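Structure at a glance
Here is what each chain is made of, one letter per residue.
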Amino acid sequence: MIVQARLPSSARSAGGPARHVPALFFALTAVLSLPFLILGALVDTPEGAVVDLPLSALQVFAPFLAAILLVLRESGWRGVGRLIADALDVRRLRSARVLVPLALIMPMIYFASYGIMRLAGRQLPGFEFSVTAAVVLLVMFLLSGFFEEVGWTGYALEPLRQRLGYLGAALVIGVVWALFHVPADLQGDRDLEWIAWYRLASVMLRVVIVWAYLVTGRALAAAILVHATDNLSWSLFPVGGSHYDPLFMAPVSVAVAAVLVFTAFPAWSPPRENRASRLS
């Protein structure tokens with residue numbers, strides 16, 4: 001059931017979320033990503049890195065920086081403080097009835113794709129990881145999720161929702177977000193078919209993230225948690241990220257996203273006043 005709740009305080013700042021300009025945020029994020037992409041092109045991933053990703057993956061800082069700069073321009077330091085406070089507000093995640101589904105939805109998607117791969121005849125090892133490593137990775141991914149979701153969800157989602165509804169906003173942000181990561185995929189020596197399936201899965205992940213934001217009464221911390229558990233699941237699949245294949249992950253993600261949308265469709269649709277204006 002979708003929880004009806006107040007808007008986040010960052011969205012209630014003077015002028016509200018309508019003052020935010022998602023297109024400008026997307027463009028500024030792309031510009032701020034360039035130094036990290038150049039770094040990834042010039043420097044190889046260090047040996048023994050915790051996660052086998054190109055250095056261009058550090059572009060996760062770009063959405064955060066873009067959002068902070070734009071909110072600073074629009075609302076000053078008070079607006080920046082409200083945005084950060086919203087991201088750190090975990091009060092709506094304290095209930096086990098909320099926290100457990102949010103924490104498990106992405107691992108279950110990965111586990112389902114693992115099972116389908118086994119049924120398809122893929123030779124896969126069992127899951128092997130240390131609890132200590134998993135905790136370290138989770139903390140790291142919570143930080144990276146914070147830096148990304150302050151921008152994608154905290155800044156861009158609500159103004160897009162006003163025009164497109166939450167589903168339209170999720171798909172727009174999902175496509176931009178997927179394209180945002182393609183250069184790092186290429187620097188990681190992924191082929192185009194792998195990238196296409198992986199980025200389809202990431203668009204669906206954005207729908208899941210927006211679902212988490214909705215069911216918690218628009219809690220930005222919920223988006224951060226789902227983002228982090230996705231990265232954690234990927235990095236542990238099934239041994240240090242080995243054998244992951246988005247050809248199997250993407251269809252499972254599409255199916256789960258479809259269920260989440262259709263079980264509460266009215267909450268995903270554009271605001272009533274926008275629908276009425278389109279019919280007039």
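Right, let's walk through the structure included here. These numbers were taken from a predicted model, which means no experiment stands behind them. (Residues numbered from 1 in each chain as written. Predicted model: local features only at pLDDT ≥ 70, side-chain atom pairs only at ≥ 80, totals over all residues. Heavy atoms only, no water.)

Take unusual backbone geometry next. Among all residues except glycine, the phi angle is most often negative; among peptide bonds, the trans geometry is most common. Residue R218 is not a glycine yet carries a positive backbone phi of 65°. Position of R218 among the secondary structure elements: in the loop between α6 (192–215) and α7 (220–235). On the basis of relative accessible area, R218 is assigned to the buried category, the value being 17%. Residue H243 is not a glycine yet carries a positive backbone phi of 65°. Within the secondary structure, H243 sits in the loop between α7 and α8 (246–262). (Helix = DSSP H or I, 4+ residues; strand = E, 2+ residues; numbered from the N terminus. Buried < 20%, exposed > 50% of the residue type's maximum accessible area, 1.4 Å probe, protein only.)

Turning our eyes to something else, we now look at the environment of T29. Topologically, T29 is positioned in helix α1 (residues 22–42). Here the alpha-carbon distance between T29 and A62, two residues 33 residues apart in the chain, equals 5.3 Å. Contacts of T29, omitting those with residues within four sequence positions, involve A62, P63, A66, W152 and F180. (Contact = heavy atoms within 4.5 Å.)

A few words on the packing of aromatic side chains. Enumeration according to the criterion identifies 22 aromatic pairs in this entry. Note on F61 and F147: the rings are 4.8 Å apart at their centroids and 55° apart in plane angle, and the pair reads as tilted. Residue F61 is found in helix α2 (residues 61–88), and its partner F147 is found in helix α4 (residues 131–152); the two are separated by 86 residues along the sequence. Judged by its relative accessible area of 30%, F61 is partly exposed. Arranged with centres 5.8 Å apart and planes meeting at 85°, the rings of F237 and Y244 form a pair that is edge-to-face. Here F237 and Y244 have matching classes, each one buried. Taken together through their ring pairs, the aromatic side chains of Y110, F111, Y114, F127, W194, Y198, F237 and Y244 make up a single cluster. Geometry around W194 places R190 over its ring, the cationic atom sitting 4.2 Å from the centre. Over the ring of W177 we find R206; its NZ or CZ atom is 4.2 Å from the centre of that ring. (Phe/Tyr/Trp six-rings, centres within 6.5 Å; stacked < 30°, edge-to-face > 60°. Lys NZ or Arg CZ within 6 Å of the ring centre and 35° of its normal.)

In total, this model carries five salt bridges according to the counting rule given. D245 is the salt-bridge partner of R122, the closest N and O atoms lying 2.9 Å from each other. In this pair, R122 sits in the loop between α3 (96–119) and α4 while D245 sits in the loop between α7 and α8, placing the two residues 123 residues apart along the sequence. Residue classification places R122 among the partly exposed residues on the basis of a relative accessible area of 33%. Assessed through its relative accessible area of 15%, D245 is described here as buried. For E149, the salt bridge identified is with R206, shortest N-O distance 2.8 Å. Of this pair, E149 sits in helix α4 while R206 sits in helix α6; the two residues are 57 residues apart in sequence, bridging distant segments of the chain. Here E149 and R206 have matching classes, each one buried. (Salt bridge = Lys/Arg side-chain N within 4 Å of Asp/Glu carboxyl O.)

Let us look at α6. With 24 residues, α6 should cover 34 Å at 1.5 Å per step; its first-to-last C-alpha distance of 35 Å lies within 8% of that length. A large share of α6 lies buried, amounting to 19 of its 24 residues. At the N-terminal boundary of α6, the capping side chain belongs to D191, with an oxygen 3.1 Å from the backbone nitrogen of E193. (Expected span 1.5 Å × (residues − 1). Polar contact = N/O pair within 3.5 Å; in protein donor to acceptor, adjacent residues only side chain to side chain.)

A few words on the side chain of S56. With respect to the secondary-structure elements, S56 resides in the loop between α1 and α2. On the basis of relative accessibility, which here comes to 0%, the residue S56 falls in the buried class. Within polar-contact distance, the side chain of S56 engages the side chain of Q187 at 2.7 Å.

A few words now on a nonpolar patch on the surface. A cluster of nonpolar side chains, namely V31, L34, I38, L39, L42, V43, L58, F61 and L65, defines an oily patch on the protein surface of about 760 Å² accessible area. For the nonpolar patch, the secondary structure elements donating two or more residues are α1 and α2. Take the nonpolar patch: its biggest share by element is five residues, from α1. For I38, the location among the structural elements is in helix α1. (Patch = residues over 30% accessible without salt bridge, like charges linked within 9 Å, V, L, I, M, F, W, Y side chains within 5 Å. Areas by Shrake-Rupley, 256 points an atom, 1.4 Å probe, with all protein chains shown as cover.)

Everything listed here is a matter of geometry and, on its own, says nothing about what the molecule does.
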